[in-house]
Each structure stands twice: as structure tokens, then as C-alpha cells.
Amino acid sequence: MSGRGPRPLPSRLERRNALFQQWQALLTNRSKRTRSGEMLIQGVRPLTQAVAHGIELRALLSDGRDQPSRWAQDLLRTAPCPVVMLAPELMAELGEREDGPPELLALAAVPSDSLSRLDEVSPRLVVAFDRPGSPGNVGSLARTADALGADALLLTGHSADAWDPAAIRASTGSLFALPVLRVPSPRDVAEWVGRQRAQGEAWTVLGLDEAGGHELAQVDLTGPTLVVVGNETAGMSAAWREACDVIAEIPMTGTASSLNAAVAGSIALYEARRQRGAARS
């Protein structure tokens, strides 16, 4: 081991070189994001949310325009990381924009997936999304989880990547507002629930299924609850079904055979919020 730190970033980047290609790969290559532990954040609100919630920024990328907005000025002035000015055409490529370059992008560290992060927020309402196939659904459910008071979102099994740009865009930055953890197996989550129960917390594991046998509104969601949402096509895995205390359905009419997975999770979160509000009144 040489002991040398990472190579310093340039202050300007005017052409497509190896560094630019590394950043570009973060947009489309999950393996590159995993190996580097880095992602690119696009968009004013996602970047604002990332800064507000303490996501580690490793570089701010700027198009170097003469008259930046007040938002960009404030971030550039207070940035706790290097600032690299890119040629506008390079910024437009990284921003995946056809209407011109964005003012700023961020190179950021991917947050830890350790379940110990749950203990830091003392959760009472957690969502587990089992093997989601769509980054857009991951982002949509994160946005609802943030809006309706969930404390964390867990992605279990082989799932779409939460740090895919499509997921970040769909969440409008909510992926940074609560712990979002990629967990290899339902067993890991079940063990975490078991530890909470051993400490006296009466957690309920609720699975959603179109033929659950119980209507969602009939299930008590006022206590600590883990809501399990299945894969968009296959539903919950056998391991999750075994881990659930109760499986509930959302009543439907009309000709639709099922609800979008993120929509079903959103309805369950709203029902939990409704019940908890009624219990306090």
C-alpha cells in the first residue's frame, strides 16, 4: 500500500478525459457506483435535500456561468468539498439535459447500508420493498415514505438501485431525507425486528397482498410497524411471507387486477398515518 490519498481533483475540466468518463459511468453503471461508493446528484431539489440531510459531498461540479442563481452562489460559497468547473457541454451530458447545462451537479458518497442506522432514528414505521425492479418505483415510494412519516425505507433482496439517477429524480430528493438501506435478505430485517421485540417493542410485520384475507383498514397500525411491499410482478418472497404477522389486502373495484407496488405501499402508509392521528385525537 502506497499510503497516498486520492488524486486531487482539477479545478477545471474542459474535455472528455478518464475522470469525466468515471463520472459519466456513475449515471448508468450500478457496478461502478457500488465499487466507488459514489453517485451523481442531479437537480436543484435533490441536491438541496442532500446538503440539508448531511450527505457527504465529494465535489461540486459547476458550469461556471457568469451570473449563477442565488441558490448556486450559496452552495458554491459554503461547499465543504472541491469545486470543479466543467465545460457547458460536459455539464449537459452529466446532467442528462437537452435544454442546456445545469448550474450544479454533485459527486456524493453513497450512504451506509448498515441496519444500525435504524437505531439512530428510533423508528416506529418502516417500509420494506422486496426486490423492486423499477428505480422509479423506489423513488416514488421513498417520496411517499418521507411525506407520510415513515422513518426508513429498506430494499431487500436483488433490487433496483436506490442511487440510480432515475430513483433520485422520482423521489425529488426524499431518498436523502430518511435512511434508505439496501439489505441482502429478509432474514436480516427479521433479526433486527426480533432484537426490537426483545427490548420490549411490540413490532407488527404487515405484508401487502391482493388476496391477503384481511382488509388493510382492519389491521392495527398504531404500534411499531414494518410494512412489506412485494415485487411489482411476483409479490412478496416466501421468506417475507413467513416473516409476516399479518397479510392484508387493499379492497379494489373495477377491472384492475392489482395496484402498482409503490401505490400500494403509499396507501398502507396513509392508513398508518390516519390511524395514528385518530389515536392521538
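Everything numeric in this text was worked out from a predicted model, so none of it was measured.

A closer look at the pattern of salt bridges
Following the criterion strictly, the structure yields 16 salt bridges and no others. Two residues, Arg-77 and Asp-74, come together in a salt bridge whose shortest N-O distance is 3.1 Å. Note that Arg-77 and Asp-74 are positioned in helix α4 (residues 70–78) at a spacing of three residues, about one turn of the helix. When its relative accessible area of 32% is taken as the criterion, Asp-74 is described as partly exposed. Residue Arg-241 pairs with Asp-209 through a salt bridge whose shortest N-O separation is 2.5 Å. Residue Arg-241 is located in helix α10 (residues 238–243), and its partner Asp-209 is located in the loop between β9 (204–208) and β10 (214–215); the two are separated by 32 residues in the primary sequence. Look at Arg-241 and you get partly exposed, because its relative accessible area is 36%. Classification of Asp-209 by relative accessible area gives buried; the value is 18%. Taken together, the salt bridges that share partners define one network made up of Arg-33, Asp-113, Asp-161, Asp-164 and Arg-182.

Here's the deal with the pairing of strand β11 (residues 225–229)
Where burial is concerned, most of β11 is hidden: five out of the five residues are buried. Residue alternation in β11 divides its side chains into two sets, Thr-225, Val-227 and Val-229 and Leu-226 and Val-228, and both sets are buried. Bridging between strand β6 (residues 125–130) and β11 involves five bridges; their strand directions are parallel. Note that in β11 the partner of Val-126 across the bridge is Leu-226.

Side note on the UniProt feature "domain: SpoU L30e-like N-terminal" (unreviewed entry) in the chain
UniProt records the feature "domain: SpoU L30e-like N-terminal" (unreviewed entry) at residues 17–106, using the numbering of this structure. Secondary structure content for residues 17–106 is 49% helix and 19% strand, and the end C-alpha separation is 18 Å.

What to know about the packing of aromatic side chains
The final tally for this structure, using the stated rule, is two aromatic pairs. Each ring, one from Trp-163 and one from Phe-176, has its centre 5.8 Å from the other, and the planes form 15°; the classification is stacked. Taken together, the residues Trp-163 in the loop between β7 (152–156) and α8 (165–171) and Phe-176 in the loop between α8 and β8 (180–183) connect sequence positions 13 residues apart. Classification of Phe-176 by relative accessible area gives buried; the value is 4%. Look at Trp-192 and Trp-203: their rings are 5.2 Å apart centre to centre, the planes differ by 75°, and that puts the pair in the edge-to-face class. Here the residue Trp-192 occupies a position in helix α9 (residues 186–198), and Trp-203 occupies one in the loop between α9 and β9, the gap between them amounting to 11 residues. Residue Trp-203 is classed as buried on the basis of its relative accessible area, which comes to 4%.

Describing the nonpolar core
Membership of the largest hydrophobic core comes to 50 residues, with the highest contact counts inside it found for Met-39, Leu-175 and Leu-206. Top contributing element to this core by residue count: helix α11 (residues 261–280), with six residues. Ignoring sequence-local partners within four residues, the contact set of Met-39 consists of Leu-26, Arg-33, Ile-55, Ala-106, Leu-107, Ala-108, Ala-109, Val-110, Pro-111, Trp-163, Ile-168 and Phe-176. Judged by nonpolar contacts, the second largest core, of 19 residues, contains Val-126, Val-193, Cys-244 and Ile-247.

A word on the sheet that holds strand β5 (residues 104–109)
Pairing is mixed across the open sheet formed by five strands, whose spatial order is β1-β4-β3-β5-β2. In this open sheet, the two strands that pair with only one neighbour each are β1 (12–13) and β2 (38–41). Sheet topology places β1 next to strand β4 (residues 83–86); two bridges connect them, and they run parallel. Note that in β4 the partner of Leu-13 across the bridge is Leu-86. In the packing of helix α1 (residues 18–28) onto the sheet, contacts are made with β1, β2, β3 (57–62), β4 and β5, and the angle to β2 comes to roughly 80°.

Some words on helix α7 (residues 135–147)
Its 13 residues place the ends of α7 18 Å apart at the C-alpha level, agreeing with the 18 Å of an ideal helix rising 1.5 Å per residue. Restricting attention to buried positions, one finds in α7 the residues Asn-137, Val-138, Gly-139, Leu-141, Ala-142, Thr-144 and Ala-145. The elements touched by buried residues of α7 are β6, β7, α8, β11 and α11. The N-terminus of α7 is capped by Ser-134, whose side-chain oxygen sits 3.2 Å from the backbone nitrogen of Gly-136. One or two steps after α7, the chain reaches Gly-149, where phi turns positive at roughly 90°.

The rules we used
- Residues numbered from 1 in each chain as written.
- Predicted model: local features only at pLDDT ≥ 70, side-chain atom pairs only at ≥ 80, totals over all residues.
- Heavy atoms only, no water.
- Salt bridge = Lys/Arg side-chain N within 4 Å of Asp/Glu carboxyl O.
- Helix = DSSP H or I, 4+ residues; strand = E, 2+ residues; numbered from the N terminus.
- Buried < 20%, exposed > 50% of the residue type's maximum accessible area, 1.4 Å probe, protein only.
- Pairing = 2+ DSSP bridges.
- UniProt positions renumbered as here; feature names shortened; annotations may be inferred.
- Phe/Tyr/Trp six-rings, centres within 6.5 Å; stacked < 30°, edge-to-face > 60°.
- Core = buried A, V, L, I, M, F, W, Y, C linked by side-chain atoms within 4.5 Å.
- Contact = heavy atoms within 4.5 Å.
- Axes fitted to C-alpha atoms, helices over the stretch in contact; angles between N-to-C directions.
- Expected span 1.5 Å × (residues − 1).
- Polar contact = N/O pair within 3.5 Å; in protein donor to acceptor, adjacent residues only side chain to side chain.

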